[in-house]
Amino acid sequence: MALSPLAGKPAPKEILVDLPLLERDYFERRPDPDDPAQQVSFGTSGHRGTSLRGSFNEPHILAITQAICDYRHEQTFTGPLYMGKDTHALSGPAQRTALEVLAANDVPTVIQRDDGFTPTPVISHAILVHNRGRSDGLADGIVITPSHNPPEDGGFKYNPPNGGPADTDVTKWIEARANALLRNGNTQVKRLPLQAAISSQTTHQRDLMRPYVEDLRNVIDMDAIRGAKLALAVDPLGGAAAGYWDLINSIYGLDIAVTNPQIDPSFSFMTVDHDGAIRMDCSSPYAMARLVGLKDRYRVAFANDPDSDRHGIVMPTAGLMNPNHYLTVAIDYLLTHRPDWPADAAVGKTLVSSGMIDRVVNKLGRRLFEVPVGFKWFAPALFDGSCCFGGEESAGASFLRRDGSVWTTDKDGPIMNLLAAEMTARTGRDPGERYTALTAEFGPAYYTRIDAPATPEQKAKLARLSPESVKASNAGGEPILLKLTHAPGNKAPIGGLKVVTSGGWFAARPSGTEAVYKIYAESFRDERHLQMLVSDAQQIVQDA
């Protein structure tokens, strides 16, 4: 994809979303239930869309929330449902709609008091803290967020009692039930007026921020960070964690500078992403241009996306760190600085994450747990402690508490931020310097991810590939060692293909929302070899 001339520059007024139109369409536009693009569709992380195209409107939220109520009833979940929202413009209206349905169904619901925002990991943390030691009265949750997606988008996720993203069986059930309700005009949806829902005995407004922040000491060495007196900064990118950093500073005696405290649902303060869109992607050097510009003022700086489940790490030595590189050093550091972690706990990564992780895990004598794309695959293993860390190349990760028990089972951006400060404080080397040391030990890695055009038929064919479909015997000039359509860690289908050689690998999987398929590739040789892998990947997919 060609780089937009706007990439990395302040967003011009003409590309800002029309907020009144966005909200008006949310309430007034009626989606066509026979149009697949306007149906409820749970991808790797919930239902996403925009009111402007009839894919995220009040009828969707009514149907999804009623379906969740029906699912809870079927599963006999009777504990509280924790519901959070991020700072996207559609998140507030969607939360109000959902609350009307939850109250009408007598679901005990906990929301952040004073109409506040709640990061994704805070909802996961609240669920797990409530459920600790329980076998009944189990809590679950809803997070209303489209993650780092553009300002016009909305998103709606369900987290069951294990605290993580719902697995495929659950989301398929909710999706099917919601679409059935939608097709019947939502006549079976129970609903109260908003004020009645807010004042209902089942609606509870609490402070979800302080319990999470006070518990951070049990997952991060906050004393080490305070003692090192590092110059630290954060840009919350106008997200749900914006208000958390002052409390973190207050409780732990830190002085993390908040470089941008602004909350604006149009995200007008952003610099434009690679394609000319506003996107709060904290792993993008274009979206992160403002914080990268401040890199020499701080030993470590960091950012999160609007629901704070992703992280971006910035430092003078490396600028914005590649997410794969940071996952690698995080794993290397944690496995050598968490003595109370279970010795047999595996390290989780998605199969499109860097092979440098494999090398570090092998060096330290740990087992690798390699799964398909989607953090839901880590949730059960983080929950029971059989996995000490789960990370994905798109800058999302979480890990166990310092004592080896579960912290969150959804991605947690703030702890990944604070971990960068901890490792710098305790070792005297920032994450970029630590990665340089690993490349000196194992050699460099060259990684890329690109989008290639694909028709719906081509995407469907790619998702159904078997290893036998791949006729090629070489990739990147080397014999193919493995052809994978199921993940090695849990044998789950990857919805695509991964090919491994002695000097690198590539993976191809169809996009769930766009007319493209994604190619991920990594070479342990050089850039030329990486481009050979990408070229061969496209040919192999075409021929399969």
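The rules behind these values
- Residues numbered from 1 in each chain as written.
- Predicted model: local features only at pLDDT ≥ 70, side-chain atom pairs only at ≥ 80, totals over all residues.
- Heavy atoms only, no water.
- 1 Å grid on protein atoms, 1.4 Å probe; cavity = no way out; pocket = protein on both sides within 12 Å on 5 of 7 lines; lining within 4 Å.
- Points joined across faces, edges and corners; volume = space filled by probe spheres on them.
- Helix = DSSP H or I, 4+ residues; strand = E, 2+ residues; numbered from the N terminus.
- Nonpolar A, V, L, I, M, F, W, Y, C, P; charged D, E, K, R; others polar.
- Disulfide = S-S within 2.5 Å.
- Salt bridge = Lys/Arg side-chain N within 4 Å of Asp/Glu carboxyl O.
- Buried < 20%, exposed > 50% of the residue type's maximum accessible area, 1.4 Å probe, protein only.

(A) How the structure looks around empty space enclosed by the protein. Summed over the entire model, instances satisfying the criterion amount to 4 cavities of 30 Å³ or more. When its volume is computed, the largest cavity comes out at roughly 80 Å³. Every residue lining the largest cavity is listed: Phe42, Gly43, Thr44, Ser45, Gly46, Lys157, Tyr158, Pro165, Ala166, Thr171 and Lys376. Mapped by element, the contributors of at least two residues to the lining of the largest cavity are strand S1 (42-43) and strand S6 (153-159). Here the lining of the largest cavity is composed, by residue class, of 4 nonpolar, 5 polar and 2 charged. Counted as a void, the second largest cavity has a volume near 50 Å³. Lining the second largest cavity are Asp235, Leu237, Asn260, Phe269, Met270, Thr271, Ala287, Met288, Arg290 and Leu291. Class assignment for the residues of the lining of the second largest cavity results in 6 nonpolar, 2 polar and 2 charged.

(B) Up close: the state of the cysteines. Following the criterion strictly, the structure yields 0 disulfides and no others. Counting only cysteine sulfurs, Cys388 is the nearest neighbor of Cys387, a cysteine outside any disulfide, at a range of 6.1 Å.

(C) Main features of the pattern of salt bridges. Enumeration over the complete set of coordinates arrives at 28 salt bridges. Ionic pairing is found between Glu392 and Lys411, a salt bridge with its closest N-O pair at 3.0 Å. Of the two residues, Glu392 is situated in strand S15 (residues 387-392) and Lys411 in the loop between strand S16 (396-399) and helix H14 (413-427); the sequence distance between them amounts to 19 residues. Of the two residues, Glu392 and Lys411, neither departs from the other in class, the shared state being buried. Glu393 is the salt-bridge partner of Arg449, the closest N and O atoms lying 3.5 Å from each other.

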